[in-house]
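Chain residues, written in single-letter form:
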Amino acid sequence: MDFRTMQLTKLFTKHPELFLREGARRNLSDFVYIMRPNYQFTEFHKAYIKILDKFAKGEIKNLIVQAPPQNGKSELSSRLLPSFMLGLNPDVKIAICSYAATIAKDFNRDCQRIIDNSEYYPIFPDTRLNGSNVVTVANNYLRNSDVFEIVDHLGSLRVVGRGGSLTSKTVDVMIFDDLYKDAQEANSPVVRATAWDWYTKVARSRLHNDSQQLIVFTRWHSEDII
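Residues numbered from 1 in each chain as written. Predicted model: local features only at pLDDT ≥ 70, side-chain atom pairs only at ≥ 80, totals over all residues. Heavy atoms only, no water.

When its secondary structure is counted, the protein chain shows 9 helices and 6 strands. Against the 2.2 N^0.38 benchmark of 17 Å for 226 residues, the protein chain shows a C-alpha radius of gyration of 19 Å, consistent with a compact globule. When its C-alpha atoms are laid out on the principal axes, the protein chain stretches across 65 × 45 × 30 Å. When burial is assessed residue by residue, the protein chain has 45% of its 226 residues classed as buried. (Helix = DSSP H or I, 4+ residues; strand = E, 2+ residues; numbered from the N terminus. Rg over C-alpha atoms; globule rule 2.2 N^0.38 Å. Buried < 20%, exposed > 50% of the residue type's maximum accessible area, 1.4 Å probe, protein only.)

It is worth spelling out helix α5 (residues 73–88) at this point. Between its first and last C-alpha atoms α5 spans 21 Å; for 16 residues at 1.5 Å apiece the expected length is 22 Å, and the two agree. Of all the bends found along α5, the most pronounced is centred on Leu81 and spans about 40°, while Pro82, a proline, follows it within four residues. Among the 16 residues in α5, 15 count as buried, and that is most of the element. (Expected span 1.5 Å × (residues − 1). Bend = angle between axes of the 7 residues up to and from the residue.)

It is worth spelling out the packing of helix α3 (residues 28–35) against helix α4 (residues 43–56) at this point. It is at 8 Å that the axes of α3 and α4 come closest, and there the two elements cross at 115°. Each of Leu28, Ser29 and Val32 in α3 lies in contact with α4, whose residues at this interface are Ile49, Leu52 and Asp53. Grouping the constituent residues of the contact of α3 with α4 by class yields 4 nonpolar, 1 polar and 1 charged. (Axes fitted to C-alpha atoms, helices over the stretch in contact; angles between N-to-C directions. Contact = heavy atoms within 4.5 Å. Nonpolar A, V, L, I, M, F, W, Y, C, P; charged D, E, K, R; others polar.)

The next thing to look at is the side chain of Asp177. Mapping Asp177 onto the fold places it in strand β5 (residues 171–177). Buried within the structure, Asp177 lacks any salt-bridge partner; Lys73 is the closest side chain of opposite charge, at an N-O distance of 6.5 Å. At 2.7 Å, the side chain of Asp177 forms a polar contact with the side chain of Ser74. Here the side chain of Asp177 touches Ser78 through a polar contact of 2.6 Å, side chain to side chain. (Lys, Arg positive; Asp, Glu negative; His and termini not counted. Salt bridge = Lys/Arg side-chain N within 4 Å of Asp/Glu carboxyl O. Polar contact = N/O pair within 3.5 Å; in protein donor to acceptor, adjacent residues only side chain to side chain.)

When two helices pack together, their arrangement is given by the angle between the helix axes and by the axis-to-axis distance. Running from amino to carboxyl end, α3 crosses α5 at an angle of 105°, the nearest separation of the two axes being 10 Å. When the interaxial angle is binned, α3 and α5 end up roughly perpendicular. Between α3, through Leu28, Phe31, Val32 and Met35, and α5, the contact on the second element is made entirely by Leu76, Leu80, Leu81, Ser83 and Phe84. When its residues are assigned to classes, the contact of α3 with α5 shows 8 nonpolar, 1 polar and no charged. (Parallel < 35°, antiparallel > 145°, perpendicular 65-115°, else oblique.)

Compared with the 22 Å implied by 1.5 Å per residue over 16 residues, the 22 Å span of helix α6 (residues 101–116) between its first and last C-alpha is a close match. Inspection of α6 places Ala104, Phe107, Asn108, Asp110, Cys111, Gln112, Ile114 and Ile115 among the buried residues, and these make up the whole buried set.

This brings us to the sheet that holds strand β1 (residues 62–66). The strand order across the open sheet formed by 6 strands is β1-β6-β5-β2-β4-β3, and the pairing between neighbours is mixed. The sheet is open, and its two edges are formed by β1 and β3 (147–149), each paired on a single side. The average undirected angle you get between the axes of adjacent strands in this sheet is 15°. Here α5 sits on the sheet and contacts β2 (93–98), β3, β4 (156–161), β5 and β6 (207–217); the angle it forms with β5, its principal contact strand, is near 165°. Packed onto the sheet, α6 meets β2, β3, β4 and β5 and runs at close to 160° relative to β4. (Pairing = 2+ DSSP bridges.)

Moving on: a nonpolar patch on the surface. Residues Phe19, Leu20, Tyr33 and Phe41 make up a contiguous nonpolar surface patch of roughly 400 Å² in combined accessible area. Within the secondary structure, Phe41 is located in the loop between α3 and α4. (Patch = residues over 30% accessible without salt bridge, like charges linked within 9 Å, V, L, I, M, F, W, Y side chains within 5 Å. Areas by Shrake-Rupley, 256 points an atom, 1.4 Å probe, with all protein chains shown as cover.)

What follows concerns the environment of Val171. Within the secondary structure, Val171 sits in strand β5. Residue classification places Val171 among the buried residues on the basis of a relative accessible area of 4%. For the pair formed by Val171 and Leu157, sequence separation is 14 residues and the distance between their alpha carbons is 9.4 Å.

Okay, here's the thing in structure tokens:
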């Protein structure tokens, strides 16, 4: 064991919280453990977190996850994952899309709460939000239910409902979470056609060559966006 390793071992033994935070900076699973100490890790969630961690680090560019309702997909993909990615890179621009703007805005607020959590700052001190609600004030970092921007960085998280506008907004990471409300919507040819038209003409047009896409939802129909 070299001298640096010995010193780190002594430091982490004396201050175990530093060891936990270092793990949370490196791995999504450790981040979830700190931010959600009561989270129940099933075998599905362990596998899910492992693949999302690879996505967060850019090892996977395009990822599709299919799972039944009420399996905790959104908690990881649309709340904890974006918060973790903004910690890893405060300059990344993320967009979350869902079947309704109200659902997407809930994801926005939940991500804000995670970043505001007192446990978050010691892990990712460079990722901070404006302390006040800011809607359209010029020369200020936005923070509202549609978008928030990382203070002193280029990163942001923007949310939109299916059919909403993303005009002139370049996106590095696009997360599609439940683009159909239920089986009834997914079984509607009109809804499916409208969703595909929006995905190809609006959402996908905001991506660049190095952008990542995560599509996660329950499959109700074989001709859905997946």
